[in-house]
Amino acid sequence: MTPETIEGYGVRLRPCHLGDVPDMVAGCGDPEIRRFMPQLPDPYDADAARWWITEGAPAAWAAGGAAYTIADPASDRLLGSIGLTRLSAERAICEIGYWVGRWAQGRGVATAATRLLSERAFAAGTARLELLTRADNVASQHIALACGYRHEGVRRAAGADGDGRRQDLIAWARLADDPPGPVARLLPDLPDGRLTDGVVTLRPVEPADTDALYRLHTLPEVVANRVPPVSPERAALARRCRLAASRWLAGEAADLAILDAATGVVVGGCALFYDEPATGQAMLGYSLLPEARGRGLAARTVRLVSAWAFGIGVARLWAGTRPDNIASQRVLERAGFRREGLLRGRLPGPEGTRVDSVVYGRLSTDES
């Protein structure tokens, strides 16, 4: 690729110039941008911006990559930056990265620039583009999906934060012959961000739910039904809450907090795991805090999640319970699930034992 100006999708990509210095300082000095780009000089001042323009960006081009300013086509003002790093010349693989200033966010700038540069890179002979995001950078993951990048997995400890602690990075990739996007999601967002029947409300799990879910998942009767039946560490629950949005986008699980609709208080948790996308099958699990039991909230939860799942294309839902968990079996039956059989020794039990599982299922074609 050569450092020439290109335009499309409402943005201009052009080489950096010294007139960009004030906006580069404002953008790269923003704490929110720096949180995801710890490699930036600290502090990021005019000298750092000038170094990038006169030395850093030319070096990126010389190494077979690219370094563009994202500019407003009308004013030519800097909105952000985007570039390519050549990972392998032999295999024609590049990594794409970007940032957008706070004054330009919410306008689709990053999506437009990523789409435009991806197309130019493929036209220039690149075979594969990679986009790496922090697990908690949900906005960037939305951009990846919108631009046709597919989720490929987690690169453990591939990044670092500002104090040197290692961070997992999520890998997204697009090939030259992939459809342009966006990528269809296995688990779309909930309509209006939540599901409710007026008595119970379900919304995506958030980091602030850690305390309530830790209390829930350390109750002895809930631990007995975990796989394996061991109390989780609080740090593990905090990580689950922090990464719930990312797992949802990747199509792995829809992790939901169950709320009392009248008070807005978290009273339990529910998760839909898309365990067999190829066959249209998903698994459902749920649990309630003691003070919320006996009010029919679990059955209402299962009905709400089932209706949503069937509406997004799931063909079959299943759930398993221990043979002695009669209460959960009654919940599933009230929600339209049918008992399908007993799987002997399916689950790990305490001290190396095995536990049977009673399987319940419901099809999208079953009567509600």
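Please read these numbers as outputs of a predicted model, since none were measured by experiment. Starting from 1, residues in each chain are numbered consecutively following that chain's sequence as written. Local features are withheld for residues below a pLDDT of 70 in this predicted model, meaning they are given only at 70 or higher, and side-chain atom pairs are given and counted only at 80 or more; totals for whole chains, interfaces and linings count all residues. Neither water nor hydrogens contribute to the side-chain values; these are computed over all heavy atoms in the structure.

Peer 1: I'd like a description of the sheet that holds strand E6 (residues 128-134), backed by residues and values.
Peer 2: One requirement defines pairing of two strands: DSSP has to find at least two bridges between them. Only DSSP runs of H or I with at least four residues qualify as helices, and only runs of E with at least two residues qualify as strands; both kinds are numbered from the N terminus onward. Strand order in the open sheet formed by 8 strands is E1-E2-E3-E4-E5-E6-E8-E7, with mixed pairing between adjacent strands. Two strands bound the open sheet, and with one partner strand each, they are strand E1 (6-8) and strand E7 (150-160). On average, adjacent strands in this sheet sit at an angle of 30° to one another, irrespective of strand direction. As paired strands, strand E5 (residues 93-100) and E6 are joined by 3 bridges and run parallel to one another. Paired with Glu95 across the strands is Glu130, a residue of E6. Axes, fitted as lines to C-alpha atoms, cover a helix only where it is in contact. Angles between the N-to-C directions of the axes lie from 0 to 180 degrees.

Peer 1: Could you give an account of the pattern of salt bridges, naming the residues involved and the relevant values?
Peer 2: Any carboxyl oxygen of Asp or Glu within 4 Å of a side-chain nitrogen of Lys or Arg constitutes a salt bridge here. Scanning the model with the defined rule gives 32 salt bridges in all. A salt bridge links Asp178 to Arg150; the shortest N-O distance between them is 3.7 Å. Here Arg150 lies in strand E7 and Asp178 lies in the loop between strand E8 (166-175) and strand E9 (195-196), a separation of 28 residues in the sequence. Owing to a relative accessible area of 43%, Arg150 belongs among the partly exposed residues under this scheme. Whether a residue is buried, partly exposed or exposed follows from its accessible area with a 1.4 Å probe, protein chains only, as a fraction of its type maximum: under 20%, in between, or over 50%, in that order.

Peer 1: A description of the sheet that holds strand E16 (residues 354-363) should follow, citing residues and the corresponding values.
Peer 2: The sheet built from 8 strands is open, its strands ordered E9-E10-E11-E12-E13-E14-E16-E15 with mixed pairing. The open sheet has two edge strands with one neighbour each: E9 and strand E15 (338-348).

Peer 1: Would you mind going over the pairing of E8 in detail, with residue names and values included?
Peer 2: In this sheet, E8 lies alongside E6 in antiparallel orientation, the contact comprising 7 bridges. Bridge pairing links Leu131 to Trp172 in E8. Direction of pairing for E7 relative to E8: antiparallel, over a ladder of 7 bridges. Bridge pairing links Gly159 to Gln167 in E8.

Peer 1: Mind laying out the side chain of Gln141, listing which residues take part and the relevant values?
Peer 2: Position of Gln141 relative to the elements: it lies in helix H5 (residues 138-146). A polar side-chain atom of Gln141 sits 3.0 Å from a polar atom in the side chain of Ser246. Ignoring sequence-local partners within four residues, the contact set of Gln141 consists of Thr133, Arg134, Ala135, Asp136, Ile170, Trp172, Ser246 and Leu249. Here a polar contact is taken to be a pair of N or O atoms separated by no more than 3.5 Å, where protein atoms must pair a possible hydrogen donor with a possible acceptor and residues adjacent in sequence count only if both atoms sit in side chains. Only heavy atoms matter for contacts: two residues are in contact if any of them lie within 4.5 Å across the pair.

Peer 1: So what's going on with helix H3 (residues 46-62)? Residues and values would help.
Peer 2: One fewer than the residue count of a helix, multiplied by 1.5 Å, yields its expected span. For H3, spanning 17 residues, the distance from its first C-alpha to its last is 23 Å, which sits close to the expected 24 Å at 1.5 Å a residue. Residue Trp52 marks the point of greatest curvature in H3, where the axis turns by about 45°. Within the sequence span of H3, burial applies to Ala48, Ala49, Ile53, Gly56, Ala57, Ala60 and Trp61. Contacts made by the buried residues of H3 are with helix H1 (21-28) and strand E3 (66-71). Sitting at the amino-terminal end of H3 is Asp45, which places a side-chain oxygen 3.2 Å from the backbone nitrogen of Asp47. With its phi angle positive at about 95°, Gly64 sits one or two positions after the end of H3. Here the bend at each residue means the angle between axes fitted to two seven-residue stretches, the one ending at that residue and the one beginning there.

Peer 1: Describe in detail the packing of H5 against helix H8 (residues 234-249), supporting the description with residues and values.
Peer 2: Any two packed helices are characterised by how steeply their axes cross, that is the angle between the axes, and by the distance between the axes. Contact geometry for H5 and H8: axes closest at 10 Å, N-to-C directions at 5°. Comparing their axes, H8 and H5 come out roughly parallel. Along the contact surface, H5 presents Val138, Gln141, His142 and Leu145, while H8 presents Ala245, Ser246 and Leu249. For the contact of H5 with H8, the residue count by class is 4 nonpolar, 3 polar and no charged. The labels follow the angle: roughly parallel below 35 degrees, roughly antiparallel above 145, roughly perpendicular from 65 to 115, and oblique for the rest. All residues other than Ala, Val, Leu, Ile, Met, Phe, Trp, Tyr, Cys, Pro, Asp, Glu, Lys and Arg, Gly among them, are scored as polar; the first ten of these are nonpolar and the last four charged.

Peer 1: Quick one: what's the story with the packing of aromatic side chains, residue by residue and with numbers?
Peer 2: Two rings from Phe, Tyr or Trp (for Trp, the six-membered ring) form a pair when their centres sit within 6.5 Å of each other. Planes less than 30 degrees apart are called stacked, planes more than 60 degrees apart edge-to-face, and all others tilted. Taken as a whole, this structure holds 3 aromatic pairs when the rule is applied. When the ring of Trp51 is compared with that of Trp52, the centres are 6.4 Å apart and the planes differ by 45°; the resulting orientation is tilted. Note on Trp51: relative accessible area 46%, which makes it partly exposed. Trp52 gets classed as partly exposed once you look at its relative accessible area, which sits at 29%. Aromatic side chains Trp61 and Tyr68 sit 5.1 Å apart centroid to centroid with 85° between the ring planes, which places their arrangement in the edge-to-face category. A residue is classified by how much of its surface remains accessible, and Trp61, at 14% relative accessible area, is buried.

Peer 1: Can you tell me about the nonpolar core, naming the residues and giving the values?
Peer 2: Formed by 51 residues in total, the largest nonpolar core has its most connected members in Leu13, Tyr68, Ile70, Ile82, Leu84 and Tyr149. If near-sequence neighbours (up to four positions away) are discounted, Tyr149 is found in contact with Ile96, Thr114, Ser118, Leu129, Glu130, Leu131, Ala144, Trp172, Ala173, Arg174 and Val183. Counting residues in each nonpolar core, the second largest holds 36 residues, with Tyr274, Val314, Phe337 and Tyr360 among its members. The term nonpolar core refers to a set of buried residues drawn from Ala, Val, Leu, Ile, Met, Phe, Trp, Tyr and Cys, joined through side-chain atoms within 4.5 Å.

Peer 1: Residue-level account of the pairing of strand E14 (residues 316-321), with values.
Peer 2: Pairing between strand E13 (residues 281-288) and E14: 3 bridges, direction parallel. Within the sheet, the bridge partner assigned to Ala282 lies in E14 and is Leu317. Crossover handedness is defined by viewing with both strands directed away from the observer: a clockwise path from the first strand over the helix to the second marks the crossover as right-handed. Remark: the E13/helix H9 (residues 297-311)/E14 crossover connection has right-handed handedness. Alignment of E14 against E16, held across 6 bridges, turns out to be antiparallel. Residue pairing across strands places Thr321 opposite Val358, the latter belonging to E16.

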